[in-house]
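Listed here are the chains, written in short residue letters.
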There are 2 protein chains.
Amino acid sequence: MATLQDITVSAFINILIAFAFLLAFALLRIQPINDRVYFSKWYITGSRTSPRRSGNFVGKFVNLNLRTYLTFLNWMPQAMRISEAEIIDHAGLDSAAFLRIYVLGLKIFVPITVIALLVLLPVNLSNGMLSFLKRDLVTSDIDKLSISNVRPKSLRFFVHIGLEYLFTIWTCFMLYKEYDYIASMRLKFLASQSRRAEQFTVVVQNVPRPPGKSISDAVDQFFRTNHPDHYLCHQAVYNANKFAKLSKKRDRLQNWLDYYQLKFERNPNKRPTTKKGFWGLWGERVDSIEHYKQQIKDLEKTMALERQTIIKDPKSVLPVAFVSFDSRWGAAVCAQTQQSRNPTKWLTCWAPEPRDVYWKNLSIPFISLTIRRLVISLLVFALVFFYMIPIAFVQSLANLDGLVRVAPFLRPVIETEFVKSFLQGYLPGLALKIFLLVLPAILMFMSKMEGYISLSMLERRTAAKYYFFMLVNVFLGSIVTGTAFEQLHAFLHQAPTQIPRTIGVSIPMKATFFITYIMVDGWAGIASEILRLKPLIIFHLKNMFLVKTQRDRELAMNPPRVDFPETIPSLQLYFLLGLVYAVVTPILLPFIVVFFAFAYLVYRHQVINVYNQRYESGAAFWPHVHSRIIASLLISQLLLFGLLSTKKAANSTPFLIALPILTLSFHKYCKHRFEPAFWKFPLEEAMAKDIADHTAEPDLNLRAYLADAYLHPIFRSFEVDEEEELVEVRVNKHQTHVPGPTSTSGNVCYYDPEHPQHYTYQREAEP
Amino acid sequence: MATLQDITVSAFINILIAFAFLLAFALLRIQPINDRVYFSKWYITGSRTSPRRSGNFVGKFVNLNLRTYLTFLNWMPQAMRISEAEIIDHAGLDSAAFLRIYVLGLKIFVPITVIALLVLLPVNLSNGMLSFLKRDLVTSDIDKLSISNVRPKSLRFFVHIGLEYLFTIWTCFMLYKEYDYIASMRLKFLASQSRRAEQFTVVVQNVPRPPGKSISDAVDQFFRTNHPDHYLCHQAVYNANKFAKLSKKRDRLQNWLDYYQLKFERNPNKRPTTKKGFWGLWGERVDSIEHYKQQIKDLEKTMALERQTIIKDPKSVLPVAFVSFDSRWGAAVCAQTQQSRNPTKWLTCWAPEPRDVYWKNLSIPFISLTIRRLVISLLVFALVFFYMIPIAFVQSLANLDGLVRVAPFLRPVIETEFVKSFLQGYLPGLALKIFLLVLPAILMFMSKMEGYISLSMLERRTAAKYYFFMLVNVFLGSIVTGTAFEQLHAFLHQAPTQIPRTIGVSIPMKATFFITYIMVDGWAGIASEILRLKPLIIFHLKNMFLVKTQRDRELAMNPPRVDFPETIPSLQLYFLLGLVYAVVTPILLPFIVVFFAFAYLVYRHQVINVYNQRYESGAAFWPHVHSRIIASLLISQLLLFGLLSTKKAANSTPFLIALPILTLSFHKYCKHRFEPAFWKFPLEEAMAKDIADHTAEPDLNLRAYLADAYLHPIFRSFEVDEEEELVEVRVNKHQTHVPGPTSTSGNVCYYDPEHPQHYTYQREAEP
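Residues numbered from 1 in each chain as written. Chains lettered and ligands numbered in written order. Predicted model: local features only at pLDDT ≥ 70, side-chain atom pairs only at ≥ 80, totals over all residues. Heavy atoms only, no water.

### Focus: the overall build of chain A
Item 1. What chain A contains, in helices and strands, is 33 helices and six strands.
Item 2. When the 767 residues of chain A are sorted by exposure, 54% land in the buried category.
Item 3. Contacts in chain A between residues at least 24 apart in sequence constitute 82% of all its contacts with a sequence separation of at least 6.
Item 4. Taken as a whole, chain A presents about 34600 Å² of accessible surface, with 64% of it coming from carbon and sulfur. (Helix = DSSP H or I, 4+ residues; strand = E, 2+ residues; numbered from the N terminus. Buried < 20%, exposed > 50% of the residue type's maximum accessible area, 1.4 Å probe, protein only. Contact = heavy atoms within 4.5 Å. Areas by Shrake-Rupley, 256 points an atom, 1.4 Å probe, with all protein chains shown as cover.)

Rendered as structure tokens:
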């Protein structure tokens, strides 16, 4: 057990590290050479160009303006100056909602901290139980401030229970207000958005392969029959994996060509040459520009062939389509209803926005999805419960006596007061953090296997797995010794009422561990977040060795983004810690409040200056955030129940039973009340938006607008002169189209028999 | 523990009772006087009229045709002669699907019985473990045929596990086929149905009270805006509780008037008189006919006033409406989509058919629903776990030694071999059955409190509660001794892996109890079902004392129906017993097969001749049937797991782990595959039906057809001469209607400013 002194050492180290990071950040960010790393968002929006273009040579790399050094902390007020509406404008709703999680943390924990410290510290301190037991039980000074210090059977437990009620009500109240706010923010955001393709589009999966006609025709006929008044057109999805590979190769060659052309421009006397063989290391020496031009030409021929194959072969059309409607109302109706008798066919749901689509998963059949999800859930379970073994080993190092016994030669080093404190206070948290770095990639891979079709959904699923992992391995794993598998085994052989007791009783003892964890992961971690050391180094390495053309430089700083699947679950762990320790060891709370405040500042700065989200889901992750905080509440209630029952507080414990029931029904109510806003689009809104749109632009050619919104991104890599061929891909779906019976409802029939090849792309040419 | 002899006695008694019932039924059903009881369905459909009208006086009451007595069992082939399609025509899909549960039982259990008996009996018998232990453990002969007879650690357990796999796969296969069949039957039924009001109608709840205008107007405006192309009209719902009371009183008075008029007709010399006071016991003597005529007149005045109040007072319009569309497609879209930003307002769902509506629950606000359901679920939990106490007391009687100790004077009676067998074999089952009779009414009341709006839904919810009750109290309660509350307490303090062990180990010992239960509840119970003793007695009592007019006679045999909330859960208990005992004590299986076969015959007869369902839900209960059989499978697997682990069959038990996981994923797949067919209406179907309809009757006045479909039933009690006033109620919703902006989509505006009072009812008068 760590003592107060260990904590102080750890706090000192962490604050030092955090300050070092902040200082380094302050110095590095004003150097022009790092500009792309610390202001990448502005480069992407285009409102900032390289400062290196101006000034003298040294000034291109180092900031010579000494005045700016004096105000090195001014990023903080700068970050706060921008309003929320501006953030939504600048970075999207996802980022704004993400920042609100930190605000929510502050709103929940600042009052809780004040009350807990004011009320509970005197209650716990004045009942000196631990001082009697000190010889038996090894407890740290922090335990004097915790619930462990209260005598068994004491009536003082009523204070703890009362506060648990108060904190639960307060948390629920804040959660309700926040959910309400976010839901209305989302609807407002969706309503205020200008016209976007996904508002009119539905993705339909599991299209049955029709006998004797193409999938495109089947889709066309199906929606023409069942949505006669609103169906507009659809975009087939091609299996273009091979084409994507060729396209990538072409990009690489083009880049080399650019590079040699640039080289030739700078030095027109000497035409660059290159070797034909493997990686340019051997073989015949040829003129580089000519060589690459020829290679590109060859490749383009292959690509043209491949494109023809894709277009001609009906098997390359996947049983999926993006179906567009002439109004938001029509799309909302189609997305929310069941289309076919067989509910595993013609599955419709809102199309994700084009850049959010995960193309590879679009065509997984329904039965395969069922099996995949079963298998992956078993795998996740296994991963969570067996991953712990190596972590437990490292954590056992923190048990110094064990370490000395294993490696007696280390004794003189370890015995040093400072090293000892470091090992005990710092190492366990650090070990954990390093292990956790490998994980998200595995979890993301698993989520992809599960077959979700949008990146945002993939990230949410990954976040869910990651949270489950953190809960079992970081939280429970740290509280109860032994591997997760051992715990699982033990729990299966214990009574259900015994489990919260087993965990509850060790909770107060682990407070010091979690305090150091908060400082390492929260304080120092966030400071390193703003420094962006890894991207900085990678950027400069790339700049030095790989960047050949301006295009490369643009790509070198590949757009960074908030890593939701990792950040949000880690963040939610703090909610869990705060809620669990609020009545048990309130001294932990200030550390959490500091974390939330500091992290809020840092992420606000990052969202404004650095991050650029790949997609916009409209805060679709909020229901998960909400339900996991509810889960934290339930866990805290259960563990307090277990803890109190070991304290023989029989006369007060039963009062806790109502709490989880009330919390659960609050959750259920919120789910019904707010969640539909996140996956349905109310017809009232859709209609209002449609009418407004119609009044504003009565004769908009929506079909032209939607024509290529959901084209597979690789088809976009064509250059302008290939537009002609591109059109072919776009309109391919109608090549075999047989005009159906004329619609009685009088909606415009969009088949133009005179120009069967070109009509969807004739934006300007024809009315 | 009962021995084989006890079972034989019990079987003898029960078969005797069953035969007595059948014989009584055969004799009673051919007496004309009972005709209305045994052929009530035919009276309701109108294809049978009272046979008493013809023949001589005695022949009116007693069947004198001796020939018919000779063929008294011919109801069985008669019942089988009718095909399923005819049953659907005659009694509806609900009844047909109900009968298929019994067929499913036979399909599942006949092969299982054959295999289990052939394979397991030799395996169990030849390993005589119990013969060694007989002195220690009191076991009956039946245990020799059960799994208890296999030595611990025996390799023979692999046979049991293999069969458990086989039976699970077989059951799942049959379940899948059946679900598929029922789902397609349901869709076919819905598609083949002629035009019905509920196909075009959606019920909208939680209409927000609009400021400054009536609810009717708000509904009208909302749907006119958001469903401009398909909205047709709506029917407001009135709070008519007081009016319903008055209407009932009027019916009673009318009946008395009829009675006296009839009396006067028969005996024209003497005008009947009556006393004015309380119940006609004292007070001034007046002319009866005049008196009742006057009373009715007075009452009608009050009713007219009340009607005016209902119509005039905007507060009597509830925030609920039945909204009708001009096509099934429009209704399907509205029912499946979210209407408003606030997902707790403007909630839409399919309207139940008019006779299925439970009017009282229509206007419960959303937040109240959340609270009601929470409270009721707690109450159900309490009911289930505390109701057991009295049952346990009666069951302790079966412990004869205890009884003799309490009441030693009973010893000579109890010691008689026959009485002893009766008490041990018969009483426990009977006691249970009697207790269960009180329950459904309580559970139905609870379901009503939960606020579901259709009778079919109420019955399904009641069935779910009843099943939960049966599962805990009949099944678990009989296996583990002690009250359910004691069990709950014990289970909470046991390891989760210990629970199936505790239960599993006592399962084989309880086989004899369940065999007697099947005979009492299943065999004799079903025989008494066909005899319909209670309705028969009540009918004759009513006929003797209460029936005054022909109308009374019609009402005396109030239409009986299959009591789904009670019958289906009881039936499912047999599935549970069969699946649990299939590998444990296979000798129980033939009893279950006999039950299913016999019950199938009886209910087929009853459905054809007696029962008349109040509503038609289109087999909406099937998903519950399916999922409860899946639950039974899971329970059987868990208990076998527990049982085997006490048998130290460590090398074979782990093979069982995969089974529940596979069963659960099968269930999940079925849920996705079939369940939407039961609560969604696919647009493809709706559109096809719409088009067919439109072709058949291109100029149907749908509005006239739908005008009063969802009128509150009490408004239907008006006589023909009040039609004028009725129209007023019907069209009231438009009295304050202000013509809105003309619809741009050009749909027919149905507001007729020249005849604002009458237009919805002018079926013939105006085009």
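### A look at the UniProt feature "transmembrane region" (unreviewed entry) in chain A
All names here are of chain A.
Item 1. Sites flagged by UniProt as "transmembrane region" (unreviewed entry) map to residues 12–30, 101–123, 157–176, 374–393, 426–445, 466–485, 573–601 and 621–644.
Item 2. Between the first and last C-alpha atoms of residues 157–176 the distance is 28 Å; the span itself is 100% helix and 0% strand.
Item 3. In residues 573–601, helix accounts for 86% and strand for 0%; the two terminal C-alpha atoms are 19 Å from one another. (UniProt positions renumbered as here; feature names shortened; annotations may be inferred.)

### Thoughts on the interface of chain A and chain B
Item 1. The interface of chain A with chain B comprises 48 residues on the first partner and 48 residues on the second.
Item 2. For the pair chain A and chain B, the two sides together bury roughly 4200 Å², of which 64% comes from carbon and sulfur.
Item 3. When the buried surface of chain A facing chain B is broken down by residue, Q338(A), R341(A) and E684(A) rank first, second and third, together holding 16% of it.
Item 4. For R341(A), the salt bridge goes to E685(B), with nearest N and O atoms at 3.2 Å.
Item 5. Applying the counting rule to chain A against chain B returns 16 residue pairs in polar contact (both at pLDDT 80 or more).
Item 6. Considering each element in turn, the side of chain A that touches chain B owes the most residues, six residues, to helix α29 (residues 658–674) of chain A. (Buried area = accessible area lost by both parts, 1.4 Å probe. Salt bridge = Lys/Arg side-chain N within 4 Å of Asp/Glu carboxyl O. Polar contact = N/O pair within 3.5 Å; in protein donor to acceptor, adjacent residues only side chain to side chain.)

### Re the pattern of salt bridges
All names here are of chain A.
Item 1. Taken as a whole and judged by the stated rule, the model has 24 salt bridges over all chains.
Item 2. Notably, a salt bridge pairs K465 with E450, separated by 2.7 Å at the nearest N-O pair. Linking K465 in helix α20 (residues 455–479) with E450 in helix α19 (residues 427–450), this pair joins segments that are 15 residues apart in sequence.
Item 3. Here the salt bridges share partners, and the residues they tie into one network are E84, R100, K107 and E178.

### Re the domain arrangement of chain A
All names here are of chain A.
Item 1. What the domain assignment reports for chain A is domain 1 (4–132 + 149–194 + 367–613 + 624–684) and domain 2 (199–352).
Item 2. Domain 1 puts 13 residues into the contact, and the matching count from domain 2 is 17 residues.
Item 3. Seen at the junction of domain 1 and domain 2, the total is zero salt bridges.
Item 4. The class makeup of the residues in the side of domain 1 that touches domain 2 is five nonpolar, four polar and four charged. (Domains from an automatic or database assignment. Nonpolar A, V, L, I, M, F, W, Y, C, P; charged D, E, K, R; others polar.)

### Digging into helix α12 (residues 288–312) of chain B
Count 3.6 residues to each turn of an α-helix, and residues three or four apart come out pointing the same way.
Item 1. Between the first and last C-alpha of α12(B) there are 36 Å, a value that for 25 residues agrees with the 36 Å anticipated at 1.5 Å per step.
Item 2. Three or more residues of α12(B) are buried, namely S288(B), I289(B), H291(B), Y292(B), I296(B), L299(B), M303(B), E306(B), R307(B), I310(B) and I311(B). (Expected span 1.5 Å × (residues − 1).)

### Some words on the relation of the copies chain A and chain B
Item 1. For the pair chain A and chain B, the superposition axis carries a translation of 0.0 Å, the fit reaches an RMSD of 0.1 Å, and the rotation angle comes to 180°. This pairing of chains is accounted for by a two-fold axis.
Item 2. The overlap is high: 100% of the interface residues of chain A also sit at the interface in chain B, so the same surface is used on both sides. (Least-squares fit on C-alpha atoms with pLDDT ≥ 70 in both.)

### A short note on the packing of aromatic side chains
Item 1. Summed over the entire model, instances satisfying the criterion amount to 60 aromatic pairs over all chains.
Item 2. Consider the rings of F222(A) and W346(A), whose centres lie 3.9 Å apart with planes at 10°: the pair is stacked. Of this pair, F222(A) sits in helix α10 (residues 215–226) while W346(A) sits in the loop between α13 (328–336) and β6 (347–350), placing them 124 residues apart in sequence. Each member of the pair, F222(A) as well as W346(A), carries the same accessibility label: buried.
Item 3. Taking the centre distance of 5.8 Å and the plane angle of 80° together, the rings of W350(B) and F681(B) count as edge-to-face. One end of the pair, W350(B), is in strand β6 (residues 347–350); the other, F681(B), is in the loop between α30 (676–679) and α31 (683–696), and 331 residues separate them in sequence.
Item 4. You can call F681(B) buried: its relative accessible area is 11%.
Item 5. Through successive ring pairs, a cluster of aromatic residues spans F98(A), Y102(A), F109(A), F564(A), Y574(A), F575(A), F595(A), F596(A), Y603(A) and F621(A).
Item 6. Positioned over the ring face of Y452(A) is R373(A), at 4.2 Å from the centre of the ring. (Phe/Tyr/Trp six-rings, centres within 6.5 Å; stacked < 30°, edge-to-face > 60°. Lys NZ or Arg CZ within 6 Å of the ring centre and 35° of its normal.)

### A word on the sheet that holds strand β5 (residues 317–325) of chain A
Residues and elements named next belong to chain A.
Item 1. The sheet built from four strands is open, its strands ordered β2-β5-β1-β6 with antiparallel pairing. Of all the strands in the sheet, just β2 (231–238) and β6 have a single pairing partner and so form its edges. Averaged over all pairs of adjacent strands, the angle between strand axes in this sheet comes to 30°, irrespective of strand direction. (Pairing = 2+ DSSP bridges. Axes fitted to C-alpha atoms, helices over the stretch in contact; angles between N-to-C directions.)

### Notes on helix α31 (residues 683–696) of chain A
Item 1. Taking 1.5 Å as the rise per residue, α31(A) with 14 residues should run 20 Å; its terminal C-alpha atoms sit 20 Å apart, in good agreement.
Item 2. Along α31(A), the positions that sit buried rather than exposed are L683(A), E685(A), A686(A), M687(A), K689(A), D690(A) and D693(A).
Item 3. On its buried face, α31(A) is in contact with α9 (157–192) and α13 of chain A together with α10 (215–226) of chain B.

### So, the side chain of E353(A)
All names here are of chain A.
Item 1. The topology assignment puts E353 in the loop between β6 and α14 (366–386).
Item 2. Classification of E353 by relative accessible area gives buried; the value is 4%.
Item 3. At 2.4 Å, the side chain of E353 forms a polar contact with the backbone nitrogen of E616.
Item 4. In this view, E353 contacts R196, E198, Y615, E616 and Y710; residues no more than four positions away in its chain are not counted.

### Describing the pairing of strand β1 (residues 201–205) of chain B
A regular strand places its side chains on the two faces of the sheet in alternate fashion.
All names here are of chain B.
Item 1. When you tally the buried positions in β1, you get five out of five residues, the bulk of the element.
Item 2. A two-sided burial pattern is seen for β1, the buried positions comprising T201, V203 and Q205 on one face and V202 and V204 on the other.
Item 3. When β1 meets strand β5 (residues 317–325), the two strands line up antiparallel, connected through four bridges. Within β5, the position partnered with V203 by the bridge is F322.
Item 4. Here β1 pairs with β6 via four bridges, running antiparallel. Paired with V203 across the strands is C349, a residue of β6.

### Points about the sheet that holds β6(B)
Residue and element names in this part refer to chain B.
Item 1. If you walk across this open sheet you meet the four strands as β2-β5-β1-β6, and the pairing is antiparallel. Each end of this open sheet is capped by a strand with a single partner; those strands are β2 (231–238) and β6. Averaged over all pairs of adjacent strands, the angle between strand axes in this sheet comes to 30°, irrespective of strand direction.
Item 2. As judged from the six bridges shared by β2 and β5, these two strands associate in the antiparallel manner. Following the sheet pairing, Y238 is matched in β5 by V317.

### Re the environment of L104(B)
Residue and element names in this part refer to chain B.
Item 1. Position of L104 among the secondary structure elements: in helix α7 (residues 93–125).
Item 2. On the basis of relative accessibility, which here comes to 0%, the residue L104 falls in the buried class.
Item 3. On a C-alpha basis, the gap between L104 and L22 in space is 25 Å, while along the polypeptide they are 82 residues apart.
Item 4. Excluding residues that lie within four positions of it along the chain, L104 makes contacts with M174, L175, E178, F575, W622 and I629.

### Considering the environment of I568(A)
Residue and element names in this part refer to chain A.
Item 1. Note that I568 resides in helix α26 (residues 564–584).
Item 2. A C-alpha to C-alpha distance of 8.7 Å links I568 and I101, two positions 467 residues apart in sequence.
Item 3. Apart from the residues lying within four places of it in its own chain, the contact partners of I568 are F98, I101, F621 and V625.

### Observations concerning the side chain of K465(B)
Item 1. Overall, the relative accessible area of 7% leaves K465(B) in the buried class.
Item 2. With residues up to four places along the chain from it excluded, the contact list for K465(B) reads I376(B), V380(B), L443(B), M446(B), S447(B) and E450(B).

### Quick notes on the state of the cysteines
Residues and elements named next belong to chain B.
Item 1. The full count for this structure, using the stated rule, is zero disulfides over all chains.
Item 2. C334 provides the cysteine sulfur closest to C349, a residue in no disulfide bond, and the two sulfurs are 9.9 Å apart.
Item 3. We classify C349 as partly exposed; its relative accessible area is 28%. (Disulfide = S-S within 2.5 Å.)

### Concerning a nonpolar patch on the surface
All names here are of chain A.
Item 1. Side chains of V110, V114, I115, L118, V119 and L166 sit close together on the surface and give an oily, nonpolar patch of about 470 Å² of accessible area.
Item 2. Among the elements that take part in the nonpolar patch, helix α7 (residues 93–125) stands out by supplying five residues, more than any other.
Item 3. Looking at the secondary structure, you find V110 in helix α7.
Item 4. Residue classification places V110 among the partly exposed positions, given a relative accessible area of 37%. (Patch = residues over 30% accessible without salt bridge, like charges linked within 9 Å, V, L, I, M, F, W, Y side chains within 5 Å.)

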